[in-house]
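Coordinates in review
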Amino acid sequence: MSTANSEVERRLEGRYKHGFVTDIEADSLPPGLNEDVIAAISVRKNEPQWLLDWRLGAYRKWLKMREPHWAHLEIDPIDFQAISYFSQPKSDKDRPQSLDEVDPKLLETYDKLGVPLHERAKLAGVAVDAVFDSVSVGTTFKEELKKAGVIFCSFSEAVQDHPELVRKYLGSVVPRVDNYFAALNSAVFSDGSFVYVPKGVRCPMELSTYFRINAAETGQFERTLVVAEEGSYVSYLEGCTAPMRDENQLHAAVVELVALKDAEIKYSTVQNWYPGDEEGKGGIYNFVTKRGDCREDNARISWTQVETGSAITWKYPSCVLRGDNSVGEFYSVALTNNYQQADTGTKMIHMGRNTRSKIISKGISAGRGQNAYRGLVKVGKGAEGARNFTQCDSMLIGKRCGAHTFPYIEVQNPTAKVEHEATTSRIGEDQLFYCLQRGISEEDAVSMIVDGFCKQVFRELPMEFAVEAKALLEISLEGAVG
Amino acid sequence: MLSIKALQASVDGKSILKGLDLEVGAGEVHAIMGPNGSGKSTLGNVLAGREGYEVTGGSVTYQGKDLLELEPEERACEGLFLAFQYPVEIPGVNNTYFLRAALNAQRKHRGEPELDSVAFLKLVREKLKVLDISDDLLHRAVNEGFSGGEKKRNEIFQMAVLEPQLAILDETDSGLDIDALKAVAEGVNRLRSPDRSIVLVTHYQRLLDYIEPDKVHVLAGGRIAASGGPGLAKRLEEEGYQWLEDGGIGSVDGEADKATATA
Ligand SMILES: Nc1ncnc2c1ncn2[C@@H]1O[C@H](COP(=O)(O)OP(=O)(O)OP(=O)(O)O)[C@@H](O)[C@H]1O
Ligand SMILES: [Mg+2]
């Protein structure tokens, strides 16, 4: 370790001589990935040595790893040397100067989603004064959180202000070399969110509802850490229903959740990144590692996700049910249209006694979309009385799309009960006709049927998010039928 | 109201309706009977505009318009209602929500203001009382997990709320217990009015004990093989369809109810 460090230091020094200092103060690093780049990121963020070491350790392991190919996805090879691993948000002069310069189609979508006017400009990347209503609102809420003792800040801030907490929990759920993309993220993560809820505190609001706009530009290697101390509760909302302008093609995020004794974390995601055009050109590659650890007894973690964006989604929010009686839940809607591909699902790892898990997955494929559910339910030897219920439904719209289900079940304890139900239905031509025959238009009928199909998942979303998610599905499906 | 002339239709390239003629006047109730697979449901589907049912000849005029030119949802909005032989389940879609969406779509089409949920609920409660349908069905998803009889009642309930001009009931009486049968009959009888027409597809006389039809037709071989008054249904109940195929044309209970077989 120490030799490695000094090597980096040496290299850094060497670079300094050649004017690297000015480089790292520039807006972005040139494309390419090596230890210098990682060190530069770390220096740029003023990180402590241990974190740089941690990044480098991940990087070295990553070099030896291979991209996973087991998912049901067709992916062009990614050139990791062609990516720039550190870039500042665009400067104002490079942005559209007003909404008039923004793609009208994008604005139309915002309109349909009911995105407030002041948020539209920000989402569309328009250069506007940094003062938004949401910011002042944000400050009020920050005060309230502070009173409750809840820490909610960017990951970078947390590294500066709460290094002991970050150090204690970072990588404790998703080891830095857990998988190819997690290792890459650990090496180069840009920023993300940090949440800490102290013992016995019920977080007084849904986190990020009022902050989502500001979190829009956290970059392509996002890192999130949520820690809920004993007896605490927090609900965290990630993402935004409005399509976000983003020039990065590769996204590899890591989210870690830690729930201690009697604590509960609800984590909701709406993901609507650019899916590529109707011919399948462009679009975001989204490789996410999300895992929650019910580390102590009676802990509870629930993931709810609505995934409609990205060209490729590779994502398996998981729960490690370590504590006795702990509960893991996964509610998912994944929609693929045109040439989108999604391979998503969950892992429920039962280790404690009487642990329970529930999986509700709804996959919708339209156009030439390909949608795979991949789920693992694992019951360890010690998981006396563990229970799992999995329901996995697929809906096909049109004839050129596909749905695939890959359930893996490993049970090492004979007292466990694991139930799996799966259905696949083509959006009923008969359901559609039934609606039409009652006078309902085809477009309304499709969104009604799809919405009904997703009801079990939408129910889990916070109210306002659920309304947005519904609108989002409608928009994503426009033109899918007929 | 409805005038069908020499209608020919096929499904999957298979010819099913082969020159069907039928005139239904305003205010009339017609019963259509006929052997299994003779094309009764096909007729309903063709009239409602279902995809895959290809009209290969003939014409259908509905309230003076060329029905076959209209999209299925336009036909519905113009007051054509089909009670399905096998009502479809739509999981997760609330029954009341669905019906309100349907009613409002139709009201919008007619240039009437949409009903808000309070006004709608009031309307719904009135209809429920009349039809003796349990409140519980309102809160569930459309037909999901409904018993066979409940599904049929739900069709009638929808019909009562939507108040169509022309209602085609495809075996709505099949599989009903006696109370449900009475509820269905009540729903139909309440809808009866001089400006509305009803077509009942049925296999059984017992429905016609509660709803007296003006005319009874037998659909066989893709055509109306015989037409007559209420007595025709009684004869079919007793004798089946064999006598028709044997070419037995006869008068059924007297001059007033002359059955004419054209097969
Ligand atoms: N989608 C389809 N594909 C192929 N054949 C069909 C289809 N729909 C109907 N048919 C055929 O058309 C014929 C008429 O069917 P239809 O359902 O109209 O009969 P029906 O008179 O309503 O019978 P029942 O009294 O049993 O309800 C049958 O032979 C049926 O098999
Ligand atoms: Mg039939």
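Here the structure is a predicted model, which is why all the values come from computation and not from measurement. (Residues numbered from 1 in each chain as written. Chains lettered and ligands numbered in written order. Predicted model: local features only at pLDDT ≥ 70, side-chain atom pairs only at ≥ 80, totals over all residues. Heavy atoms only, no water.)

**Quick notes on the confidence of the model for chain B**
Residue and element names in this part refer to chain B. The predicted model of chain B averages 88 in pLDDT, with 92% of residues at 70 or higher. Contacts for the low-pLDDT stretch residues 248-263, under 50 throughout, to residues beyond four places or in other chains number 31 contacts. Reported confidences for the modelled complex are a pTM of 0.79 and an ipTM of 0.92. (pLDDT = per-residue confidence, 0-100. Contact = heavy atoms within 4.5 Å.)

**Re the nonpolar core**
One broad rule of soluble globular proteins: the nonpolar side chains tend to lie buried together. One finds Ile364(A), Val450(A), Ile4(B), Leu20(B), Leu43(B), Phe98(B) and Phe157(B) to be the most contacted residues of the largest nonpolar core, which totals 109 residues. Not counting chain neighbours up to four residues away, the residues in contact with Ile364(A) comprise Val333(A), Ala334(A), Leu335(A), Thr336(A), Asn371(A), Met395(A), Ile397(A), Val450(A), Phe453(A), Cys454(A) and Leu473(A). By size, the runner-up hydrophobic cluster in this structure holds 53 residues, among which are Leu33(A), Leu52(A), Phe86(A) and Val227(A). (Core = buried A, V, L, I, M, F, W, Y, C linked by side-chain atoms within 4.5 Å. Buried < 20%, exposed > 50% of the residue type's maximum accessible area, 1.4 Å probe, protein only.)

**Quick notes on the interface of chain A and chain B**
How big an interface is tends to be expressed through the accessible area that disappears when the partners come together. Residue-level contacts link 18 residues of chain A with 32 residues of chain B. For the chain A and chain B pair, buried surface summed over both sides reaches about 2000 Å², with 65% attributable to carbon and sulfur atoms. Of all residues in chain A, Phe433(A), Tyr434(A) and Arg438(A) give up the largest surface area on contact with chain B, accounting jointly for 38% of the area buried on that side. Linking chain A with chain B are two salt bridges, by the criterion used here. Close ionic contact of Arg438(A) with Glu155(B) constitutes a salt bridge, the shortest N to O distance being 2.7 Å. The interface formed by chain A and chain B contains 12 residue pairs in polar contact (both at pLDDT 80 or more). The leading source of residues in the side of chain A that touches chain B is helix H11 (residues 429-437) of chain A, at eight residues. Here the side of chain A that touches chain B is composed, by residue class, of eight nonpolar, four polar and six charged. (Buried area = accessible area lost by both parts, 1.4 Å probe. Salt bridge = Lys/Arg side-chain N within 4 Å of Asp/Glu carboxyl O. Polar contact = N/O pair within 3.5 Å; in protein donor to acceptor, adjacent residues only side chain to side chain. Helix = DSSP H or I, 4+ residues; strand = E, 2+ residues; numbered from the N terminus. Nonpolar A, V, L, I, M, F, W, Y, C, P; charged D, E, K, R; others polar.)

**Quick look at the sheet that holds strand S5 (residues 65-66) of chain B**
Neighbouring strands of a sheet are bound in pairs by backbone hydrogen bonds; such pairs are parallel or else antiparallel. Residues and elements named next belong to chain B. The strand order across the open sheet built from four strands is S2-S1-S4-S5, with neighbouring strands paired in antiparallel fashion. The open sheet terminates on both sides in strands that have one partner only, identified here as strand S2 (14-24) and S5. The strands that helix H1 (residues 40-48) touches are strand S1 (2-11), S2 and strand S4 (53-62); relative to S1, the one it contacts most, it runs at about 105°. (Pairing = 2+ DSSP bridges. Axes fitted to C-alpha atoms, helices over the stretch in contact; angles between N-to-C directions.)

**Notes on the sheet that holds strand S12 (residues 327-336) of chain A**
Residues and elements named next belong to chain A. Here seven strands make up an open sheet; going across it, the order is S4-S7-S9-S12-S14-S16-S18 and the pairing parallel. Strands with a single pairing partner mark the edges of an open sheet, and in this sheet they are strand S4 (233-239) and strand S18 (417-426). Within the sheet, the average angular offset between the axes of one strand and its neighbour, ignoring direction, is 5°. Judged from the 10 bridges that link them, S12 and strand S14 (residues 356-366) form a sheet pairing that is parallel. Note that in S14 the partner of Tyr-331 across the bridge is Ile-360. Sitting on the sheet, helix H12 (residues 442-458) is in contact with strand S9 (300-307), S12, S14 and strand S16 (387-397), with an inclination near 160° to S14.

**Details of the pairing of strand S13 (residues 341-350) of chain A**
Residues and elements named next belong to chain A. For S13, a buried count of nine out of 10 residues is recorded, marking the element as mostly surrounded by other parts of the structure. By the bridge criterion, four bridges tie strand S10 (residues 312-315) to S13 in an arrangement that is parallel. Bridged to Lys-315 within S13 is Thr-344. The pairing of strand S11 (residues 318-321) with S13 spans four bridges and is parallel. Bridge pairing in S13 places Cys-319 opposite Met-348.

**Quick notes on the environment of Gly200(A)**
All names here are of chain A. Considering the arrangement of structural elements, one finds Gly-200 in the loop between strand S2 (193-197) and strand S3 (223-228). Counting along the chain gives 33 residues from Gly-200 to Tyr-233, while the straight-line C-alpha distance between them is 7.9 Å. Filtering out sequence-adjacent residues up to four positions away, Gly-200 remains in contact with Glu-230, Gly-231 and Ser-232.

**Quick word on the site of ligand 1**
Residues and elements named next belong to chain B. Taken together, 16 residues lie around ligand 1, and Ile-16, Gly-37, Lys-40, Ser-41 and Thr-42 are the ones closest in. Contacts to ligand 1 include Gly-39, whose backbone N or O atom sits 2.9 Å from an oxygen atom. Surface burial for ligand 1 is 67%, taken as the share of its 630 Å² of free accessible area covered by protein chains. Those elements giving two or more residues to the shell around ligand 1 turn out to be S2 and H1. A total of three residues in the shell around ligand 1 trace back to one element, the largest contributor, which is H1. (Near = heavy atom within 4 Å. Areas by Shrake-Rupley, 256 points an atom, 1.4 Å probe, with all protein chains shown as cover.)

**Focus on the confidence of the model for chain A**
All names here are of chain A. Confidence in the prediction for chain A averages 81 pLDDT; 78% of positions are at 70 or higher. Within the model, pLDDT remains below 50 along residues 1-26, and this stretch shows 29 contacts once partners closer than five positions in the same chain are excluded. When the criterion is pLDDT under 50, residues 209-218 qualifies, and its contacts beyond four places in sequence or with other chains add up to 25 contacts.

**Some remarks on the state of the cysteines**
Under the definition given, this model contains zero disulfides over all chains. There is no disulfide at Cys401(A), and the cysteine sulfur nearest it, in Cys454(A), is 14 Å away. Residue classification places Cys401(A) among the buried positions, given a relative accessible area of 11%. This cysteine, Cys77(B), is not joined by any disulfide, and Cys435(A) carries the nearest cysteine sulfur, 13 Å off. (Disulfide = S-S within 2.5 Å.)

**So, the pairing of S16(A)**
Residues and elements named next belong to chain A. For S16, a buried count of nine out of 11 residues is recorded, marking the element as mostly surrounded by other parts of the structure. Bridge analysis of S14 against S16 gives 11 bridges, and the strand direction is parallel. Paired with Lys-362 across the two strands is Asp-393, which belongs to S16. For S16 and S18, the ladder comprises 10 bridges, and the chain directions are parallel. Paired with Asn-388 across the two strands is Val-418, which belongs to S18.

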